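Close look at the chain arrangement
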Amino acid sequence: FLMKSLIISLLAVFLLTNCVTQKEYDKTLNDFFNEAIKNKALSQSFDSLKSDCQTKNQNLATLLEKLRQDSTELSNLVESLKKEIDDQSTEFSKSQKEFLQKLKDAGDKNQKTNADLIQMQLDLEKQKIALQQKESDLKKANEDLHARESKIKELEKLLSDQKEKSEALRDAIKKALTDFSAGELSVYIKDGKVYVSMSDKLLFKSGSTIVESKGVDALGKLSEVIKKNPDILVNIEGHTDNVPYISSNGLIKDNWDLSLMRASSVLHILTEKYKVNSTQVIASGRGEFLPKETNSTAEGKAANRRTEIILAPKVDKLLDLVNGKP
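Owing to the predicted nature of the structure, the values given are computational and were not obtained by experimental measurement. Every chain is numbered on its own, with residues counted from 1 as its sequence reads. Totals for whole chains, interfaces and linings use all residues, but because this is a predicted model, local features are given only for residues with pLDDT of at least 70 and pairs of side-chain atoms are given and counted only at 80 or more. Values shown for side chains rest on all heavy atoms present in the structure; no hydrogens or waters enter the calculation.

**Here we look at the overall build of the chain**
From N to C terminus, the chain includes eight helices and five strands. Beginning at the N terminus, the succession of helices and strands in the chain can be written as α-α-α-β-β-α-α-β-α-β-α-β-α. Classification of the 326 residues of the chain by burial places 37% in the buried group. Restricting the contact set of the chain to residue pairs at least 6 apart, pairs at least 24 apart contribute 75%. Note that accessible areas follow from Shrake-Rupley with a 1.4 Å probe, and for residues the cover is restricted to the protein chains shown. Looking at the chain as shown, the accessible area adds up to about 18900 Å², and 53% of this sits on carbon and sulfur atoms. A helix here means a DSSP run of H or I that spans at least four residues, while a strand means a run of E at least two residues long, and both kinds are numbered starting from the N terminus. Residue exposure (1.4 Å probe, protein chains only): buried if accessible area is under 20% of the type maximum, exposed if over 50%, otherwise partly exposed. Note on contacts: a residue pair is in contact if any heavy atoms of the two residues lie within 4.5 Å.

Take a look at the structure:
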């Protein structure tokens with residue numbers, strides 16, 4: 001998922017000097033666009049994965065609500081079956097007493113009385129069978145109810161654990177980044193993921209893809225938290241305002257390229273300088289297409305020029321539970 005580090009180095013050379021041959025320029029330009037195409041494809045792939053994850057989270061919430069409704073219905077069924085069993089047990093006991101009384105009174109006096117006794121005995125057997133079936137239904141309903149309640153508790157615990165992990169991760173990041181002002185970065189939770197939103201004034205000069213020293217320091221502090229949480233996924237998203245990017249050398253074509261290159265620069269600092277596990281991290285450029293604020297004001301444009309580092313706890317256990325896996 002990573003852009004080759006060679007691209008950043010070559011771009012820096014081209015931005016700082018004009019002493020290059022046409023052949024070198026063409027090769028670097030060609031390499032850059034190849035990498036940009038690959039990373040745009042990666043960005044689209046991540047969007048698809050992100051959308052899939054959001055859909056699964058929605059399905060999980062729907063499943064949990066359905067389980068709760070089913071649990072209520074089963075509880076009502078259990079209560080109904082208990083009442084029916086009580087009523088039938090009472091009726092059975094009453095009929096049994098009547099049968100025994102008639103049996104005592106009748107003896108062998110006449111054929112009609114004996115026939116009535118036989119019919120009553122048959123009725124009692126039918127009632128007994130019906131009562132046994134109700135008891136079997138009640139047992140199965142109770143088992144289903146307990147199974148659903150157990151699954152609901154497991155889902156609720158996993159969701160609670162995920163929420164606690166996200167909150168603990170957010171608090172750890174806030175503590176690590178206390179030296180930086182609210183105007184430089186913000187840390188918050190959205191859709192179960194922790195967002196670290198860094199402004200362009202903290203990370204980059206205007207139009208540049210080279211991270212400033214203060215931004216490098218901030219990434220270093222953030223990397224320590226990431227390395228202590230190897231089970232989280234990290235997506236670095238570059239964002240711009242809607243002012244068209246104007247390149248002096250043609251290497252960066254538009255805001256999308258600029259946002260992608262900036263995200264890649266942050267990725268390389270985390271993985272190469274601070275040794276964050278490369279398998280945890282992906283870089284994507286969002287250009288001007290996901291603004292945080294309106295682009296109609298200077299303040300809104302400033303808020304939109306940002307790099308968001310999104311830390312998402314893995315939800316494998318939740319997805320396995322939703323899909324019925326043990």
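**Describing unusual backbone geometry**
Although it is not a glycine, D191 sits at a positive phi angle of roughly 55 degrees. Relative to the helices and strands, D191 resides in the loop between strand 1 (185-190) and strand 2 (193-199). Among the residues examined, D191 registers a relative accessible area of 48% and is labelled partly exposed. One non-glycine residue, K275, lies in the positive phi region at around 60 degrees. Under the relative-accessibility criterion, K275 is labelled exposed at 61%.

**Remarks on the packing of helix 5 (residues 213-227) against helix 6 (residues 255-273)**
Axis separation between helix 5 and helix 6 bottoms out at 10 Å; the angle between their running directions is 55 degrees. Comparing the axis directions of helix 5 and helix 6 gives the class oblique. When you trace helix 5 past helix 6, the crossing you get is right-handed. Residue-level contacts link V216, L219 and S223 of helix 5 to V266, I269, L270 and K273 of helix 6. Of the residues in the contact of helix 5 with helix 6, the class split is five nonpolar, one polar and one charged. Every axis in this analysis is a line fitted to C-alpha atoms, fitted for helices over the stretch in contact. Angles between the N-to-C directions lie between 0 and 180 degrees. Note that the term roughly parallel is reserved for angles under 35 degrees, roughly antiparallel for angles over 145, roughly perpendicular for angles of 65 to 115, and oblique for everything else. A crossing counts as left-handed when the near helix is turned anticlockwise from the far one by less than a right angle, and as right-handed when that turn is clockwise. When residues are sorted by character, Ala, Val, Leu, Ile, Met, Phe, Trp, Tyr, Cys and Pro go into the nonpolar class, Asp, Glu, Lys and Arg into the charged class, and all the rest, Gly among them, into the polar class.

Honestly, it's all geometry; don't read function into it.
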